[in-house]
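# Commentary on secondary and tertiary structure
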Amino acid sequence: MAKKVLLVEDEKNIILGVRTCLDAVGYQVEIVEDGEEALTAVSKEHPDLILLDLLLPKVDGFEVLKVLKGNPATSSIPIIVLTAKAEEEDRQRALDLGADNYMTKPFKPQDLWDRLKHFLSE
Amino acid sequence: MKLANLPKPVNLDTIAGNLADAVFMIDREMNIAWLNKRAEEFFNISFEAARGIKITELTAIKKMESLIQDVFDQKEALRCSYEEASVKVKRLNERYFFKIAINPVFHEDKLWGALVQLTDVTRFHEMEKIKTDFVSIVSHEFRTPLTTIIVGVEMLKEGMLGDLTPRGKEVLEAIISDCERLNRLIDNLMELSRIESGTIYVEAEATDVTDLVQEAVRPLKFQAEKQGVELITDLPPELPPVAADFNKAVWVMANLVGNAMRYTDPGGTITVRVRQRGKRLFFSVEDTGCGIPKENMEKIFRKYVQVSGPGRKGAGGVGLGLAIAKDIVMAHGGEIWVDSEIGKGTTFTFTFPVYQGDQSVILPEADRKGV
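Predicted model only: the values in this text are computed from it and were never measured. (Residues numbered from 1 in each chain as written. Chains lettered and ligands numbered in written order. Predicted model: local features only at pLDDT ≥ 70, side-chain atom pairs only at ≥ 80, totals over all residues. Heavy atoms only, no water.)

## Concerning the packing of helix α2 (residues 35-45) of chain A against helix α3 (residues 61-70) of chain A
Residue and element names in this part refer to chain A. The condition is simple: Only the contacting stretch of a helix is used when fitting its axis, a line to C-alpha atoms as for every element, and angles between N-to-C directions run 0 to 180 degrees. Only DSSP runs of H or I reaching four residues or more are called helices, and only runs of E reaching two or more are called strands; each is numbered from the N terminus. Just so you know how the angles are binned, under 35 degrees is roughly parallel, over 145 roughly antiparallel, 65 to 115 roughly perpendicular, and the rest oblique. Left-handed describes a crossing whose near helix is turned anticlockwise from the far helix by less than a right angle; the clockwise case is right-handed. Any two residues whose heavy atoms approach within 4.5 Å at even a single point are treated as in contact. Classification convention: Asp, Glu, Lys, Arg as charged; Ala, Val, Leu, Ile, Met, Phe, Trp, Tyr, Cys, Pro as nonpolar; all other residues, Gly among them, as polar.
Packing of α2 against α3 brings their axes to within 9 Å, and their N-to-C directions diverge by 20 degrees. The pairing of α2 with α3 is recorded here as roughly parallel in orientation. Read as a crossing pair, α2 and α3 show a hand that is right-handed. Facing G35, A38, L39 and V42 of α2, the residues of α3 in contact are V64, V67 and L68. Among the residues making up the contact of α2 with α3, the classes are represented as six nonpolar, one polar and no charged.

Shown next, in the form of structure tokens:
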């Protein structure tokens, strides 16, 4: 069965780009556009991996990380942060909160595929 | 021409007292012997009360002590850049920035003390910060749209969104290469705004020179090969480690080699050399490129300055790389310079100190954000 990826992103164009990217290699994609929705979607959709933006409406990405990685029921789901925040402090903070990987925008599709493969291979 | 009559009596007090700068005269023990009105006002102290107090105590500017001591030792005026000489002063929850000038005072050919002058540069500092923040925001805002473009174009190129004509492919390659250029620009702007806002520390650790050079050169080897340029590294064995921030030092080296590559024609050579002289290591990047005209050699380390060599208009640079490289090298206590001859080639050289035990160099205090 196709692996399910939850994309948490509020920029329409990025959503289109990432979705196209994931469709091309056969992942199933669920999309939510703010942090609050992300938290509900995780328990409903049981994604195999989460792609998480940091600057999000309502609940920001750091908070989403904290909640998901602090909860034993969801802490094992790999989370790749996908963000325009390139500062070292942000990267460190995200990794400290349990992010499995940190990607800065812009990125190339190949970068994303490689990382997804790494975290989703059996 | 008829001169206006001067008010009488004109004496030192009239002149010094009305200066916009705070001025102190201190003795060899750094005790205040005299101060002007502006100094009294700013530090909220009367002339009588200030006399005899140590200047570092009154102003609470810690670094002043070593600066004054330097002037006493050298018997020469303080000569340093704006960044080095500017300090932060806290008064009633307000922050001020001052530029310090220190001049030795002699009496009967003997060093008596010094004249310390504080110029308020707070406003200038604020403007710098606004500019730095703006640059940071702009570079940040560029990343999101650029992502959409890069992802889309790459997928088109891979044929994942349908077939392309050969001409279409060519156009996409051009778009990709310009996206990479934009991306480099954004990275450089970010790096510069980080350095200017002082949110980064240059942490000088014992850094292995071979590692440093290899890390910088390796990613460029492939490009050099493709371009038909020979990339040589010349490192004598058993060099001591340098006191450098590894990533920043690699950045400087990679930037210089990248530059050399942009200005070197196929068949040319780029040589990366490291030599030790005393307590410093000299890193040089020599190319056989077109050379830099004399009148441009000083300018190239300034921000946003681009110069074009013969037949090379800008060659895709953004005019920030060398400015950043200079900031990084100087923050390590090193130097950077260029030698060049038109038609023969260019050599950039920078120095890093040999590692001498635990030490960390940080950027000037006054330029650090949030202090």
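That covers the picture; the talk isn't over yet.
## Side note on the sheet that holds strand β11 (residues 336-341) of chain B
Residues and elements named next belong to chain B. We apply this condition: Strands qualify as paired when DSSP identifies two bridges or more between them.
The strand order across the open sheet built from five strands is β7-β9-β10-β12-β11, with neighbouring strands paired in mixed fashion. Of all the strands in the sheet, the pair left with one neighbour each is β7 (230-234) and β11. Strand-to-strand twist of the sheet, defined as the mean angle between neighbouring strand axes without regard to direction, takes the value 15 degrees. Taken together, the eight bridges between strand β9 (residues 269-277) and strand β10 (residues 280-287) define a ladder with antiparallel strand orientation. Residue Q276 lies in a different strand from β10, and its bridge partner there is L281. Strands in contact with helix α9 (residues 209-227) are β7, β9 and β10; relative to β7, the strand with the most contacts, it is inclined by about 170 degrees. Sheet strands touched by helix α10 (residues 246-262): β7, β9, β10, β11 and β12 (345-353). Its angle to β10, the strand with the most contacts, is close to 25 degrees.

## Comments concerning the pattern of salt bridges
Residues and elements named next belong to chain B. Rules: We define a salt bridge as a side-chain nitrogen of Lys or Arg found within 4 Å of a carboxyl oxygen belonging to Asp or Glu. When accessible area is computed with a 1.4 Å probe and restricted to protein chains, residues below 20% of their type maximum are described as buried, those above 50% as exposed, and intermediate ones as partly exposed.
Taken as a whole, this structure holds 19 salt bridges over all chains when the rule is applied. A salt bridge links E215 to R218, with the shortest nitrogen-to-oxygen separation between them at 3.2 Å. In this pair, E215 and R218 both sit in helix α9, three residues apart, roughly one turn of the helix. Here E215 falls in the partly exposed class, since its relative accessible area comes to 35%. The class of R218 is exposed, set by a relative accessible area of 53%.

## Considerations on the environment of A:K69
Residue and element names in this part refer to chain A. What counts here: Polar contact is the term for a pair of N or O atoms within 3.5 Å; when the atoms are in protein, one must be able to donate a hydrogen and the other to accept it, and sequence-neighboring residues count only if both atoms are side-chain atoms.
You can see K69 is positioned in helix α3. On the accessibility criterion, K69 (17% relative accessible area) is buried. Along the chain, K69 and I79 lie 10 residues apart, while their C-alpha atoms are 9.0 Å from each other. Non-local contacts of K69, meaning those with residues more than four positions away in its chain, are made with S75, I77, P78, I79, L97, G98 and D100. One polar contact links the side chain of K69 to the main-chain carbonyl oxygen of S75, over a distance of 3.0 Å. Within polar-contact distance, the side chain of K69 engages the side chain of D100 at 2.8 Å.

## Considering the confidence of the model for chain B
Residues and elements named next belong to chain B. We count it as follows: Scored from 0 to 100, pLDDT reflects the predictor's confidence in each residue.
Averaged over every residue, the pLDDT of chain B is 82; the share at 70 or more is 84%. Low pLDDT, under 50, characterises residues 311-315; the predicted model gives this stretch 12 contacts beyond four residues in sequence or across chains. Low pLDDT, under 50, characterises residues 359-371; the stretch is placed with 39 contacts to residues that sit more than four places away or in other chains. Quick note on the complex model: pTM equals 0.59, ipTM equals 0.88.

## Looking at the interface of chain A and chain B
Test applied: Accessible area that two parts lose when put together, evaluated with a 1.4 Å probe and summed over both, is termed the buried area.
Taken together, the contact pairs 18 residues of chain A with 17 residues of chain B. A combined buried area of about 1700 Å² lies between chain A and chain B, and 71% of that area is made up of carbon and sulfur atoms. Of all residues in chain A, A:A84, A:P106 and A:K108 give up the largest surface area on contact with chain B, accounting jointly for 29% of the area buried on that side. Our enumeration of links across chain A and chain B arrives at two salt bridges. In this assembly, chain A and chain B are joined by three residue pairs in polar contact (both at pLDDT 80 or more). Taken together, the elements giving at least two residues each to the side of chain A that touches chain B come down to α1 (12-24) and α5 (109-120) of chain A. When residues in the side of chain A that touches chain B are grouped by element, the largest group, six residues, is from α1(A). Among the residues making up the side of chain A that touches chain B, the classes are represented as 10 nonpolar, three polar and five charged.

## Concerning the packing of α1(A) against α5(A)
Residue and element names in this part refer to chain A. Look at α1 against α5: their axes get within 10 Å of each other, and the N-to-C directions meet at 55 degrees. Looking at the two axes, α1 sits oblique to α5. Relative to α5, the crossing made by α1 is right-handed. Residue-level inspection shows V18, C21, L22 and A24 of α1 in contact with α5, the latter providing P109, L112, W113 and L116. Of the residues in the contact of α1 with α5, the class split is eight nonpolar, no polar and no charged.

## Digging into the nonpolar core
Residues and elements named next belong to chain B. To be explicit about the condition: We call a set of buried residues a nonpolar core when its members are Ala, Val, Leu, Ile, Met, Phe, Trp, Tyr or Cys and they connect through side-chain atoms within 4.5 Å of each other.
Grouped together as the largest cluster of nonpolar side chains are 44 residues, with contacts concentrated most on M253, F283 and F350. The greatest single-element share of this core, amounting to eight residues, is contributed by α10. In this structure F283 touches V209, L212, V213, V242, M253, R273, V274, F348, T349, F350 and F352, once residues within four positions along its chain are discounted. M30, I45, L67 and A114 belong to the second largest nonpolar core, which has 28 residues in total.

## A look at the packing of aromatic side chains
The geometry of two aromatic rings is summed up by the distance between their centres and the angle between their planes. Definition in use: The rule is short: rings of Phe, Tyr and Trp, with Trp giving its six-membered ring, pair when the centres are within 6.5 Å, and they are stacked under 30 degrees, edge-to-face over 60, tilted in between. Criterion for a charge above a ring: Arg CZ or Lys NZ at most 6 Å from the ring centre, at most 35 degrees from the ring normal.
Applying the stated criterion to the full structure yields eight aromatic pairs over all chains. Geometrically, the ring pair formed by B:F42 and B:F98 is edge-to-face, given 5.1 Å between the ring centres and 85 degrees between the ring planes. Placement of B:F42 in helix α2 (residues 37-42) and of B:F98 in strand β4 (residues 94-107) is noted, with a sequence separation of 56 residues between them. Ring geometry for B:F283 and B:F352: centres 5.8 Å apart, planes at 75 degrees, overall edge-to-face. Residue B:F283 is located in strand β10, and its partner B:F352 is located in strand β12; the two are separated by 69 residues in the primary sequence. On the basis of relative accessibility, which here comes to 0%, the residue B:F283 falls in the buried class. Since its relative accessible area comes to 0%, B:F352 is described here as buried. These aromatic residues form a ring-pair network of at least three members: B:F24, B:F42, B:F43 and B:F98. Sitting over the ring of A:F62, A:R93 keeps its end group 3.8 Å from the ring centre. The lysine or arginine in question, B:R28, covers the ring of B:F72, its NZ or CZ lying 5.2 Å from the ring centre.

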